[in-house]
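Notes for the structure review
Here are the chains, one letter per residue:
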Amino acid sequence: MDVSESVIDGDVPATTVVVSDTAPRQPHSKVQRIESGANEPAVDVPPDSHRDNSAVAEINGCGMNANGGKQLQVDETNAIGCGALRVVVVAPKAKIPTRAYDSAGYDLASAYPEVIPAKGKCEVRTGLRIALPEGTYGRIASRSLHADSHAINVLGGVIDRDYRGPLNFILANHSDEDFKIEEGERVAQLIVERILTPNVVVVDQLEETERGEKRLGSSGKKDMPS
Ligand SMILES: O=c1ccn([C@H]2C[C@H](O)[C@@H](COP(=O)(O)OP(=O)(O)OP(=O)(O)O)O2)c(=O)[nH]1
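A quick note: this is a predicted structure, and the numbers were derived from the prediction, not measured. (Residues numbered from 1 in each chain as written. Predicted model: local features only at pLDDT ≥ 70, side-chain atom pairs only at ≥ 80, totals over all residues. Heavy atoms only, no water.)

Here the focus is the site of the ligand. For the ligand, the full set of nearby residues is Gly157, Val158, Ile159, Asp160, Tyr163, Pro166, Asn168 and Phe169. Backbone polar atom of Gly157 to an oxygen atom of the ligand: 3.1 Å apart, as the coordinates give it. In the environment of the ligand, an oxygen atom lies 2.6 Å from a nitrogen or oxygen atom belonging to the side chain of Asp160. Its free accessible area being 570 Å², the ligand has 47% of it covered by the protein chains. Taken together, the residues that form the shell around the ligand break down as five nonpolar, two polar and one charged. (Near = heavy atom within 4 Å. Polar contact = N/O pair within 3.5 Å; in protein donor to acceptor, adjacent residues only side chain to side chain. Areas by Shrake-Rupley, 256 points an atom, 1.4 Å probe, with all protein chains shown as cover. Nonpolar A, V, L, I, M, F, W, Y, C, P; charged D, E, K, R; others polar.)

Structure follows, in C-alpha cells:
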C-alpha cells in the first residue's frame with residue numbers, strides 16, 4: 001500500500017494526520033499536542049513522517065478508509081465493516097502498527113531500546129496512544145518468533161476501548177539469557193477482538209449440562225485404557 005499523509009476535516013481533529021490510500025501528501029503538519037510522559041515528547045511531523053512513523057495516524061483496517069471513516073474500494077473478502085484503529089504518536093521513534101500479509105495482529109514496536117533480564121520482565125513502551133473501534137478490545141500477544149526462539153511472552157495485555165494512556169506492555173523473558181530489544185524492533189502484536197458485554201444477572205440456579213462440574217482433562221479420560 002502506498003501510504004501518504006494528509007490533514008483532514010470531519011471526525012478527526014484538524015491537527016490529526018492520517019494514513020490514507022488516496023489523500024495527497026501535505027508539505028508539513030503539526031501534530032496534535034497531547035499530555036505525555038517525560039519520555040514521550042509531542043512531535044512535529046516532517047513530510048515523510050509515515051516512513052519513521054512520527055505522525056498521528058488512523059490506520060486503515062477492516063476495509064474502512066482512514067479518511068473520515070468513508071468506505072474504500074476493497075476486496076470483497078475484506079469488506080467487514082468496523083471503525084478505524086486510531087493512533088496518536090507521542091515518541092519520535094514510535095512505529096505505527098502494521099499488519100504483514102493478512103495477519104490477525106498489528107505488529108507493535110518498542111520506541112526505545114530495552115533489555116529484558118534473564119528470568120525477568122520489562123515494560124515496553126510503544127510511544128503510541130490508541131482508540132479502538134466500538135465493540136472491541138485490544139489484546140497484546142507475543143510474536144511467535146520470540147516465543148519460540150527466546151521464550152518471550154506478554155503478561156497482561158488487555159487494552160480497554162476507552163483507555164487513552166500510553167500503550168505499553170510487559171514482556172517476560174523465561175530464558176537464561178538477557179534479551180535485547182532494539183529501538184523500533186517489533187516485539188509484540190495487537191489483536192483487535194470483537195467482544196460482548198452482557199448485563200450481569202444474579203440467579204438462584206444454573207441450567208444443568210452434560211459437562212456439569214467436570215474439568216481438567218475430564219473429556220479425554222473416558223478414552224483412556226483403564
Ligand atoms: O499490557 C497492558 C495491559 C493494560 N494496559 C492498559 C490498558 C488497559 O485498558 C488498562 C487497564 O488494564 P486492565 O483492565 O487489564 O487492568 P486492571 O488491573 O483490571 O486495571 P483497571 O482497574 O484500571 O481496569 O491498562 C496496557 O497499556 N498494557
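After that view, the rundown keeps rolling.
Turning to the nonpolar core, a few remarks are in order. By size, the foremost hydrophobic cluster in this structure holds 28 residues, and its most contacted members are Ile130, Ile140, Phe169 and Leu171. For this core, the secondary-structure elements that each account for two or more residues are β6 (85-89), β7 (105-109), β9 (121-125), β10 (128-131), β12 (152-155), β14 (168-173), β15 (179-181) and β16 (186-194). Discounting residues that sit within four places of it in the chain, Ile130 has contacts with Leu85, Arg86, Val87, Ile159, Tyr163, Arg164, Leu167 and Leu190. (Core = buried A, V, L, I, M, F, W, Y, C linked by side-chain atoms within 4.5 Å. Buried < 20%, exposed > 50% of the residue type's maximum accessible area, 1.4 Å probe, protein only. Helix = DSSP H or I, 4+ residues; strand = E, 2+ residues; numbered from the N terminus. Contact = heavy atoms within 4.5 Å.)

What follows deals with a nonpolar patch on the surface. Taken together, the side chains of Val201, Val203 and Leu206 present a nonpolar region at the surface, about 330 Å² in accessible area. Among the secondary structure elements, Leu206 is positioned in the loop between β16 and α3 (218-221). (Patch = residues over 30% accessible without salt bridge, like charges linked within 9 Å, V, L, I, M, F, W, Y side chains within 5 Å. Salt bridge = Lys/Arg side-chain N within 4 Å of Asp/Glu carboxyl O.)

Moving on to the environment of Leu155. Position of Leu155 among the secondary structure elements: in strand β12. Taking relative accessible area as the criterion, Leu155 reaches 35% and is therefore assigned partly exposed. As a C-alpha pair, Leu155 and Ile140 span 15 residues in sequence and 8.7 Å in three-dimensional space. Apart from the residues lying within four places of it in its own chain, the contact partners of Leu155 are Lys121, Ile170 and Ala172.

This brings us to unusual backbone geometry. You will see that Lys119, though not glycine, has its phi angle at about 60°, which is positive. Checked against the element boundaries, Lys119 lands in the loop between β8 (114-116) and β9.

Attention now moves to the sheet that holds β16. Strand order in this open sheet of four strands is β7-β16-β11-β13, and the pairing throughout is antiparallel. The open sheet is flanked by β7 and β13 (158-159), the only strands paired with a single partner. Here strand β11 (residues 136-142) runs beside β13; their pairing, made up of two bridges, is antiparallel. Bridge pairing links Gly138 to Ile159 in β13. (Pairing = 2+ DSSP bridges.)

Before going further, it helps to examine the pairing of β14. Alignment of β9 against β14, held across five bridges, turns out to be antiparallel. For Val124, the partnering residue across the bridge sits in β14 and is Phe169. Sheet topology note: the β12/β14 ladder contains four bridges and is antiparallel. When the bridges of β14 are listed, Val154 appears paired with Leu171.

As a further point, take the pattern of salt bridges. Going through the model one piece at a time under the given rule, you end up with six salt bridges. For Asp107, the salt bridge is made with Arg186, and the minimal N-O distance between the two is 2.7 Å. With a gap of 79 residues between them, Asp107 in strand β7 and Arg186 in strand β16 connect regions that are remote in the sequence. Overall, the relative accessible area of 10% leaves Asp107 in the buried class. One network of salt bridges, in which partners are shared, links Asp107, Arg143 and Arg186.

The next thing to look at is the side chain of Arg143. Note that Arg143 resides in the loop between β11 and α2 (144-150). With a relative accessible area of 18%, Arg143 lands in the buried category. Within the local environment of Arg143, its side chain forms a polar contact with the backbone oxygen of Arg186, the two atoms lying 3.1 Å apart.

Strand order in the open sheet formed by three strands is β9-β14-β12, and the pairing between neighbours is antiparallel. Every other strand in the sheet has two partners, leaving β9 and β12 as the edge strands with one partner each. Across the sheet, the mean angle separating the axes of adjacent strands is 35° when strand polarity is ignored. (Axes fitted to C-alpha atoms, helices over the stretch in contact; angles between N-to-C directions.)

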